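Structural overview for review
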There are 2 protein chains.
Amino acid sequence: MARLPVYLQLLSEQFEAGITNISSEELATLGGVNAAKVRKDLSYLGSYGTRGVGYDVEFLVFQIKRELGLTHEWHVVIVGAGNLGQALSGYGGFGERGFPVGGIVDVAEDKIGSVIGGVRVRHIDELAQIVQSRDIAIGVIATPGPAAQDAADALVAAGVTSVLNFAPAIVNTPHGISVRKVDLAVELQILSYHEQRRANARQATKLQAVPGPRGRGASA
Amino acid sequence: MARLPVYLQLLSEQFEAGITNISSEELATLGGVNAAKVRKDLSYLGSYGTRGVGYDVEFLVFQIKRELGLTHEWHVVIVGAGNLGQALSGYGGFGERGFPVGGIVDVAEDKIGSVIGGVRVRHIDELAQIVQSRDIAIGVIATPGPAAQDAADALVAAGVTSVLNFAPAIVNTPHGISVRKVDLAVELQILSYHEQRRANARQATKLQAVPGPRGRGASA
DNA sequence: AGGCGCTTGTGCACACTTTCACAAAGCCGT
DNA sequence: ACGGCTTTGTGAAAGTGTGCACAAGCGCCT
Ligand SMILES: NC(=O)c1ccc[n+]([C@@H]2O[C@H](COP(=O)([O-])OP(=O)(O)OC[C@H]3O[C@@H](n4cnc5c(N)ncnc54)[C@H](O)[C@@H]3O)[C@@H](O)[C@H]2O)c1
Ligand SMILES: NC(=O)c1ccc[n+]([C@@H]2O[C@H](COP(=O)([O-])OP(=O)(O)OC[C@H]3O[C@@H](n4cnc5c(N)ncnc54)[C@H](O)[C@@H]3O)[C@@H](O)[C@H]2O)c1
């Protein structure tokens, strides 16, 4: 489930705060979801709760980590050492959460050799060697959109089986490769959509008119 | 629908490439989804296709933009001028897609006054004034996790009604405020989950054993 | 030891999403 | 002008996910 990482984060926070036990109700409130959903999700891991009491926070953290494959570190390799690649590499939160940067590659000669966040930028031709030497399974694409497919192909060829794509482009990969895309513009457009609807709703209220399903009148 | 931005991007790309007409089948292939789904989604905008021919790309782009509220620019305000805030502000892609940065605020005195991407960093106390002067509806949280709730409260108090949160924390907002969260760690953990499953599958195959539902044996 | 209150785990119904399948509708060649 | 080919738009079916409601189970207090 895609919600397990969220529970993991919440539980980790609670654990840090000294909470040793938590009920599905509390966890649901923290996460802003339904308590029954929390229980269903957690029951997927097995029956690790105690009726009348709740869940042991530490044990649950461990179980979720096991399920998510977070029992060991996963090195990641970043393709593209531009603004974003540098920000990601320099950002400590990556490694803190079990995903240390195992390498950065680029095509631009002027980027190669520079050191960001303790990692030296290397040429993309060395990708396969980097991936294999550290047994890296996850690649991050931080190149411009048009180069994203090339980057993905290079990653797959090097042996990476999971890709996180920040470029605004849809990449095609062979079957069996997991790809996730993070697109800022999409997020903003979804927010803009809600704003748009809010604005339309205000308009309709103000006009006191029969609310027609089609809101015409783009200007003014 | 959350897929409209994706179609918009695909269609824009096709339009740039000189394609004036596209069928639901083609669009579905590009987006990696089912053709019927594409048609259902697009029919939500109205009947803008021509049977036997397909959709006019330019017209469809316009219609989706109208639906998403992208007929005008939405200024955004960024809270937190650290690594990420600076990368976002300096990144041109924001403005290119209709979301120019209308302001950046921070609490740290040493950040205030510096200029990033043509925008001067100002104190968070000026947030309300910035938001109101430019009629800003969208705020971006780029502060550390523990400060995210404060940032959200400040944004809401200033009059922002949509929030994009990059901090690894869940923020609570009053009803009527849209919040979206982008969490790198969550994305990576989902990829790691798939890697984990792949590893388990390999193990099971190698052992030629009856595939038991519980994979024990964490060590070795 | 037994009862009482609390919380889990889950069967079931409902709502929403996805996919199939096909009639209606347009274009083009003859 | 008409028939055949293509593609849309949409009803209906199949599939997923969500939430309610409650029995089963556990701890604690008496
Ligand atoms: N900067 C941001 O805040 C931000 C935010 C969201 C999304 N993005 C997206 O992330 C991507 C990178 O953004 P950026 O600001 O870092 O861009 P950038 O131009 O600063 O960096 C791109 C880097 O990729 C390298 N590159 C180009 N082609 C390559 C290839 N084929 N193989 C390997 N490396 C290659 C370039 O040499 C450059 O160093 C873009 O697609 C952008 O849309 C950026
Ligand atoms: N850097 C990255 O690549 C990256 C990637 C993903 C997520 N993130 C997340 O984004 C957030 C910011 O990351 P960063 O690397 O820019 O951190 P940072 O420490 O560089 O920047 C944080 C900024 O927020 C400011 N700040 C602190 N409290 C504030 C408050 N109450 N109001 C306003 N501003 C406040 C600080 O002064 C600082 O300038 C973090 O939560 C981080 O987890 C960062």
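Residues numbered from 1 in each chain as written. Chains lettered and ligands numbered in written order. Predicted model: local features only at pLDDT ≥ 70, side-chain atom pairs only at ≥ 80, totals over all residues. Heavy atoms only, no water.

**Section: the sheet that holds strand β8 (residues 138-141) of chain B**
All names here are of chain B. Cut-off, in case you're wondering: At least two bridges found by DSSP between two strands are what make those strands a pair. Secondary structure follows DSSP: runs of H or I at least 4 residues long count as helices, runs of E at least 2 residues long count as strands, and numbering of each begins at the N terminus. Whether two residues touch is decided by their heavy atoms; if any such pair falls within 4.5 Å, the residues are in contact. Axis lines are fitted through C-alpha atoms, for helices just across the contact stretch, and the angle between N-to-C directions can take any value from 0 to 180 degrees.
Across the sheet, which stays open at both edges, the 7 strands sit in the order β6-β7-β5-β4-β8-β9-β10 with mixed pairing between neighbours. The sheet is open, and its two borders are formed by β6 (115-116) and β10 (178-181), each paired with just one other strand. Sheet topology places strand β9 (residues 162-165) next to β10; 4 bridges connect them, and they run parallel. Directly across from Leu 164, in β10, lies its bridge partner Arg 180. In the packing of helix α8 (residues 148-158) onto the sheet, the strands contacted are β4 (76-79), β8 and β9, and the crossing angle to β8 comes to about 165 degrees.

**Here's the deal with the packing of helix α1 (residues 4-16) of chain A against helix α4 (residues 57-68) of chain A**
A pair of packed helices can be characterised by two numbers: the angle between their axes and the separation between those axes. All names here are of chain A. What counts is decided by this rule: Helix crossings are classified by the rotation of the near helix relative to the far one: an anticlockwise turn of less than a right angle makes the crossing left-handed, while a clockwise turn makes it right-handed. Each residue is assigned to one class: nonpolar for Ala, Val, Leu, Ile, Met, Phe, Trp, Tyr, Cys and Pro, charged for Asp, Glu, Lys and Arg, and polar for all the others, Gly among them.
It is the contact of α1 with α4, at a shortest axis distance of 9 Å, that shows an interaxial angle of 150 degrees. α1 and α4 meet at a crossing whose hand is left-handed. Across the interface between the two elements, Leu 4, Pro 5, Tyr 7, Leu 8, Leu 11, Ser 12 and Phe 15 from α1 touch Val 57, Glu 58, Leu 60, Val 61, Ile 64, Lys 65, Glu 67 and Leu 68 from α4. Tallied by class, residues from the contact of α1 with α4 come to 11 nonpolar, 1 polar and 3 charged.

**Examining the side chain of Gln 196 of chain A**
This is how it is decided: We call two N or O atoms a polar contact when they sit within 3.5 Å, provided that within protein one can donate a hydrogen and the other can accept it, with sequence-adjacent residues counted only if both atoms are side-chain atoms.
Summarising the element assignment, Gln 196 of chain A is placed in helix α9 (residues 184-207). A distance of 3.4 Å separates the side chain of Gln 196 of chain A from the backbone oxygen of Arg 66 of chain B, its partner in a polar contact. For Gln 196 of chain A, the residues in contact, after removing those within four places along its chain, are Arg 66, Glu 67, Leu 68, Gly 69 and Trp 74 of chain B.

**Details of the protein's contact with DNA strand D**
How we decide: When we say a residue is near a molecule or strand, we mean one of its heavy atoms is within 4 Å of it.
Around DNA strand D sit 24 residues, and of these Lys 40 and Arg 51 of chain A together with Ser 24, Arg 39 and Tyr 55 of chain B come closest. Of all DNA strand D atoms lying within 4 Å of any protein atom, the proportion belonging to sugar or phosphate reaches 62%. Contacts to DNA strand D include Asn 34 of chain A, whose side-chain N or O atom sits 3.1 Å from a phosphate oxygen. Side-chain polar atom of Ser 24 of chain B to a phosphate oxygen of DNA strand D: 2.6 Å apart, as the coordinates give it. Secondary structure elements with two or more residues in the surface near DNA strand D: α3 (35-43) of chain A together with α3 (35-43), β2 (49-50) and β3 (54-56) of chain B. Of the residues in the surface near DNA strand D, the class split is 5 nonpolar, 11 polar and 8 charged.

**A few points about the domain arrangement of chain A**
Selection criterion: Domain ranges listed in this record stem from an automatic or a database domain assignment.
Taken domain by domain, chain A comprises domain 1 (4-67) and domain 2 (76-181). Here the C-alpha centroids of domain 1 of chain A and domain 2 of chain A sit 33 Å apart.

**Things to note about the protein's contact with DNA strand C**
Near DNA strand C there are 22 residues, and of these Ser 24, Arg 39, Gly 52 and Tyr 55 of chain A together with Arg 51 of chain B occur at the shortest range. Restricting the count to atoms of DNA strand C within 4 Å of the protein gives a sugar and phosphate share of 64%. In the model, a phosphate oxygen of DNA strand C is placed 3.2 Å from a nitrogen or oxygen of the Asn 34 of chain B side chain. Elements with a contribution of two residues or more to the surface near DNA strand C: α3, β2 (49-50) and β3 (54-56) of chain A together with α3 of chain B. Ranked by residues supplied to the surface near DNA strand C, first place goes to α3 of chain B with 4 residues. When grouped by side-chain class, the residues that make up the surface near DNA strand C number 5 nonpolar, 9 polar and 8 charged.

**Description of the site of ligand 2**
The following threshold applies: Here the Shrake-Rupley method, with its probe set to 1.4 Å, supplies the accessible areas, and only the displayed protein chains count as covering residues.
Taken together, 23 residues form the shell around ligand 2, and within it Tyr 91 of chain A together with Leu 84, Asp 106, Lys 111 and Thr 143 of chain B come nearest. Nearby residues place ligand 2 at the junction of chains A and B. Calculation on ligand 2 without its partners gives an accessible area of 820 Å², and the protein chains cover 83% of this total. Broken down by secondary-structure element, the contributors of at least two residues to the shell around ligand 2 are α5 (83-90) of chain A together with α5 (83-90) of chain B. Classifying every residue of the shell around ligand 2 gives 16 nonpolar, 5 polar and 2 charged.

**Concerning the pairing of β8 of chain B**
Residue and element names in this part refer to chain B. Which entries qualify depends on this criterion: Here the term buried applies to any residue with accessible area under 20% of the maximum for its type, exposed to any over 50%, and partly exposed to those in between, with areas from a 1.4 Å probe on protein chains only.
On β8, burial covers both faces: Ile 138 and Val 140 on one face and Gly 139 and Ile 141 on the other are all buried. Where β4 and β8 come together, 4 bridges link them in parallel fashion. Bridging from a neighbouring strand, Val 77 pairs with Gly 139 of β8. Both β8 and β9 contribute to a ladder of 4 bridges, which runs parallel.

**Examining the packing of aromatic side chains**
Residues and elements named next belong to chain A. We count it as follows: Ring geometry is summarised as follows: Phe, Tyr and Trp rings, the Trp one being its six-membered ring, pair when their centres sit within 6.5 Å, and such pairs are stacked at plane angles under 30 degrees, edge-to-face over 60 and tilted between the two.
Enumeration according to the criterion identifies 2 aromatic pairs over all chains in this entry. Ring geometry for Tyr 48 and Phe 59: centres 5.2 Å apart, planes at 85 degrees, overall edge-to-face. Residue Tyr 48 is located in the loop between α3 and β2, and its partner Phe 59 is located in helix α4; the two are separated by 11 residues in the primary sequence. The partly exposed category is assigned to Tyr 48, whose relative accessible area is 25%.

**Observations regarding the relation of the copies chain B and chain A**
Rule in force here: To superpose the copies, least squares is applied to the C-alpha atoms of every residue with a pLDDT of at least 70 in both.
Aligned on chain A, chain B shows an RMSD of 0.1 Å; the corresponding rotation is 180 degrees and the shift along the axis is 0.1 Å. The superposition operator between the copies reduces to a two-fold rotation axis. Considering only C-alpha atoms, the residue of chain B closest to the rotation axis is Ala 87 of chain B, which sits at 3.5 Å. Here 100% of the interface residues in chain B have copies in chain A that are interface residues too; the copies meet face to matching face.

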